[in-house]
2 protein chains.
Amino acid sequence: MEYQNNLIETQINKKLAELTHAQKDRLAFIDFSLQFFGHVARTDLIQRFKTGLAASTRDFSTYKELAPDNLILRHQTKSYHRTDDFQSIFKHDPEVILTSLSRGFGNGISTGVQPSEQCFDAVRLIHPNVAIIASIMRAIHNKQGVKCGYVSVSSGETERAIVPHSIVNNGHRWHVRAYDRKHNSFRDFVCTRFTYVDLIQGPVHVHEASPYDQQWQQIVDIELVPHPKIKQPRAIEMDYNMSDGKLSIQLRAAVAAYVLRQWQVDCSVDHSELHLGCQLALANPEVIKLIENISLAPGIA
Amino acid sequence: MEYQNNLIETQINKKLAELTHAQKDRLAFIDFSLQFFGHVARTDLIQRFKTGLAASTRDFSTYKELAPDNLILRHQTKSYHRTDDFQSIFKHDPEVILTSLSRGFGNGISTGVQPSEQCFDAVRLIHPNVAIIASIMRAIHNKQGVKCGYVSVSSGETERAIVPHSIVNNGHRWHVRAYDRKHNSFRDFVCTRFTYVDLIQGPVHVHEASPYDQQWQQIVDIELVPHPKIKQPRAIEMDYNMSDGKLSIQLRAAVAAYVLRQWQVDCSVDHSELHLGCQLALANPEVIKLIENISLAPGIA
DNA sequence: AAACAATGCAATCATTATGATTGCATCTAA
DNA sequence: TTAGATGCAATCATAATGATTGCATTGTTT
């Protein structure tokens, strides 16, 4: 039966590949609505994609061809309902699903966002400026430097040239990883602290590019366990899907300290840094030797 | 000139509204690529949407009709380049943009995710099970209760019936806001702690629904300032886009403590709770009287 | 200098997808 | 029993798309 299910799945994928992009989007919408709302009607499809009646009916027919056991029409409610045998015909990533549930199905750009009244993503307190992000992204993509104004916590506003290679969300804010020509080293720059960003037309030197960013290239193994002082470690083990009471993750050394801070991991050797909200402890503290900005993490002497 | 630009914008929106959904998606892709990468070619469009050559050429023609000053064809690079006068013809939300930059342009379901090598969203350590999310979401959408197994930190694994009304990301994990029939009150349940979820066919009582969830319905005004012990408050004020050195946000009382915890806001009255990573202080501590689960926030006696 | 290759374009024609209309089926409400 | 609102299939018209041809522009190879 496992073999037969895999065969059917392959045939479904083959048929999906033969469809146009627009058709595929509409079938994904039907599949998504059935799975997460339990029902879907022609009017839902028409409302979302602005198609005609006939096209919607054909879309449902196509979906029924692909997965006849997934849905059943109930004239009482005038809509299709998800069956108990439902098997999604699209692959799902939990974060992508939750994004779609909170913002609405779609890319969020063509037709904007439709905020949900039932699913709410995390509250964001920091909103980078789109024009700044766009300038930085174009510099990264075209391997260029930028001349910018920047307000740092330590030295106020300065002007400098940097060569950015990545934009990263550290859990609280978005920052740029870049080579700083002022300090001749790779550093992080918070996106909201740029006062202006102008692309530089000149060349970028090899040592200013990401392959020479040692902390960026270094991958470290982080091992996390439920904090030893927690009485019910099983709930924590479930949360983090731990195996043998442990979660191992590979992170770039440049990013690791931010992750430890965001998740409030106790990094002290004797696990003495237990404070409010702390559920995890670092099981391999020797790894902190590989992380230059480790002082950002909790529990570092 | 401001008036004339608004008139042009209205005309662009009118023309966009006349296009089919698929056409709009492709124009959004062109616009997005120009803004964030600085250039786009026919092959990019074909690769992303699997269209034919002629359709791509027509798409570029349509885009040029709408925004002739946005792009210019350079035969040397055989692609279109963003001009200095570029004005996006689609509205942008920073978070949506950053999601698209990190996961690729699209809904992430029809054709999956294309992880970027230049833009990285926050590392997630907790991944809810899609089947559990789907069951809970169907219960919420159809106003039903669920019978579930749940592993709590305090009492281990129990079986209970709940009536969920919302799914919320508290900054670290996704949880369900639901009426707990076991304790006869509204509570939060971490999504990764469910062992099973079955929908209940029976009725839901009025007092079990979200209008009776007082903490959910109560909106509280949170006022945040840079922590008084920070020497360079200007960078912090820029980060949080503060006005007059202050950021005011409206949050549901049920969610507020999580936000204060995630952002490590010092809630102590005398601002004595300054620890690593703390940049903000609560300017109106009297608000904590309205928040039942305020003990989750830092600095509460 | 000429030929080739790879992008771009427009025009034309064929194919496919979509939209409108008509007639019918199912269910609920009046 | 009738009306209304969903669903369907079939038919025909329209719009979007795909393939092909010829041309323009630029860089590379011969």
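All values derive from a computational prediction rather than experimental measurement. Sequence positions are assigned chain by chain, starting from 1 and proceeding in written order. Ligands are numbered from 1 and chains lettered from A, in the order in which they are written. Restriction of local features to residues with pLDDT of at least 70 applies here, the model being predicted, together with a cutoff of 80 or more for giving and counting side-chain atom pairs; totals for whole chains, interfaces and linings are based on all residues. Each side-chain value is worked out from all heavy atoms of the structure, with water and hydrogens disregarded.

**Some words on the protein's contact with DNA strand C**
Step number 1: DNA strand C sits among 18 residues. The nearest are Arg26, Gly52 and Arg58 of chain A together with Arg42 and Tyr80 of chain B.
Step number 2: One heavy atom within 4 Å of a molecule or strand makes the whole residue count as near it. Considering the 4 Å shell around the protein, atoms of DNA strand C inside it are sugar or phosphate in 73% of instances.
Step number 3: With respect to DNA strand C, the side chain of Gln23 of chain A contributes an N or O atom lying 3.5 Å from a phosphate oxygen.
Step number 4: At 2.5 Å, a side-chain N or O of Tyr80 of chain B approaches a phosphate oxygen of DNA strand C.
Step number 5: Secondary structure elements are taken from DSSP: a helix is a run of H or I of four residues or more, a strand is a run of E of two residues or more, and numbering for both begins at the N terminus. Every element with two or more residues in the surface near DNA strand C is listed here: α2 (21-37) and α4 (53-66) of chain A together with α3 (42-49) and α4 (53-66) of chain B.
Step number 6: In terms of residue count, the dominant contributor to the surface near DNA strand C is α4 of chain A (three residues). Distance and chemistry together define a polar contact, namely a pair of N or O atoms within 3.5 Å, with one atom able to donate a hydrogen and the other to accept it when in protein, and with adjacent residues in sequence counting only for side-chain atoms on both sides.

**A short note on the relation of the copies chain B and chain A**
Step number 1: Only residues with pLDDT of at least 70 in both copies count here: their C-alpha atoms drive the least-squares fit that superposes the copies. Rotating chain B by 180° and translating it 0.0 Å along the rotation axis places it on chain A, where the RMSD comes to 0.0 Å. The relationship between the two copies is best expressed as a two-fold rotation axis. For chain B, the minimum C-alpha distance to the rotation axis belongs to Asn107 of chain B and amounts to 2.2 Å.
Step number 2: By the convention used here, residues are in contact when the closest approach between their heavy atoms is within 4.5 Å. A shared binding surface is used by both copies, with 100% of the interface residues of chain B retained as interface residues in chain A.

**Here's the deal with the sheet that holds strand β12 (residues 280-282) of chain B**
Residues and elements named next belong to chain B.
Step number 1: Here a strand pair is declared whenever DSSP counts at least two bridges between the two strands. The antiparallel open sheet is built from three strands, whose spatial order is β11-β10-β12. The outermost strands of the open sheet, each flanked by one partner alone, are β11 (247-252) and β12. Along the sheet, successive strands turn relative to each other by an average axial angle of 40°, direction set aside.
Step number 2: In this structure, strand β10 (residues 219-226) lies alongside β12, joined through three bridges in antiparallel fashion. Along β12, the bridge assignment pairs Pro226 with Leu280. The axes are straight lines fitted to the C-alpha atoms, using for helices just the contacting stretch, and the angles between their N-to-C directions are given from 0 to 180°.

**What to know about the state of the cysteines**
Step number 1: Whenever a pair of cysteine sulfur atoms sits within 2.5 Å, that pair is classed as a disulfide. Inspection of the entire model under this criterion finds zero disulfides over all chains.
Step number 2: The thiol of Cys119 of chain A is unpaired, and the distance to the nearest cysteine sulfur, on Cys191 of chain B, comes to 8.7 Å.

**A short note on the protein's contact with DNA strand D**
Step number 1: Around DNA strand D, the surrounding shell holds 18 residues, and the nearest of these are Arg42, Thr57 and Tyr80 of chain A together with Arg26 and Gly52 of chain B.
Step number 2: Expressed as a percentage, the sugar and phosphate content of the atoms of DNA strand D within 4 Å of the protein is 75%.
Step number 3: In this structure, Arg42 of chain A approaches DNA strand D through a main-chain N or O atom, which is 2.6 Å from a phosphate oxygen.
Step number 4: Those elements that provide at least two residues to the surface near DNA strand D are α3 (42-49) and α4 of chain A together with α2 (21-37) and α4 of chain B.
Step number 5: The leading source of residues in the surface near DNA strand D is α4 of chain B, at three residues.
Step number 6: Gly is put with the polar residues, along with every residue not named as nonpolar or charged; the nonpolar set is Ala, Val, Leu, Ile, Met, Phe, Trp, Tyr, Cys and Pro, and the charged set is Asp, Glu, Lys and Arg. A per-class count over the surface near DNA strand D returns five nonpolar, eight polar and five charged.

**Structural notes on the domain arrangement of chain A**
Step number 1: Parsing chain A into structural domains produces domain 1 (2-90), domain 2 (130-213) and domain 3 (218-296).
Step number 2: Annotation comment: domain bounds sourced from an automatic or database domain assignment. Each of domain 1 of chain A and domain 3 of chain A was reduced to a C-alpha centroid, and the two centroids are 42 Å apart.

**A look at the sheet that holds strand β11 (residues 247-252) of chain A**
All names here are of chain A.
Step number 1: The antiparallel open sheet is built from three strands, whose spatial order is β11-β10-β12. Both outer strands of the open sheet, β11 and β12 (280-282), are each paired with one neighbouring strand and no more. Across the sheet, the mean angle separating the axes of adjacent strands is 40° when strand polarity is ignored.
Step number 2: Here six bridges tie strand β10 (residues 219-226) to β11, and the two strands are oriented antiparallel to one another. Across the sheet, residue Asp221 finds its bridge partner in β11, namely Gln250.
Step number 3: Helix-sheet contacts for helix α9 (residues 253-262) involve β10, β11 and β12, and the interaxial angle to β11 is about 130°.

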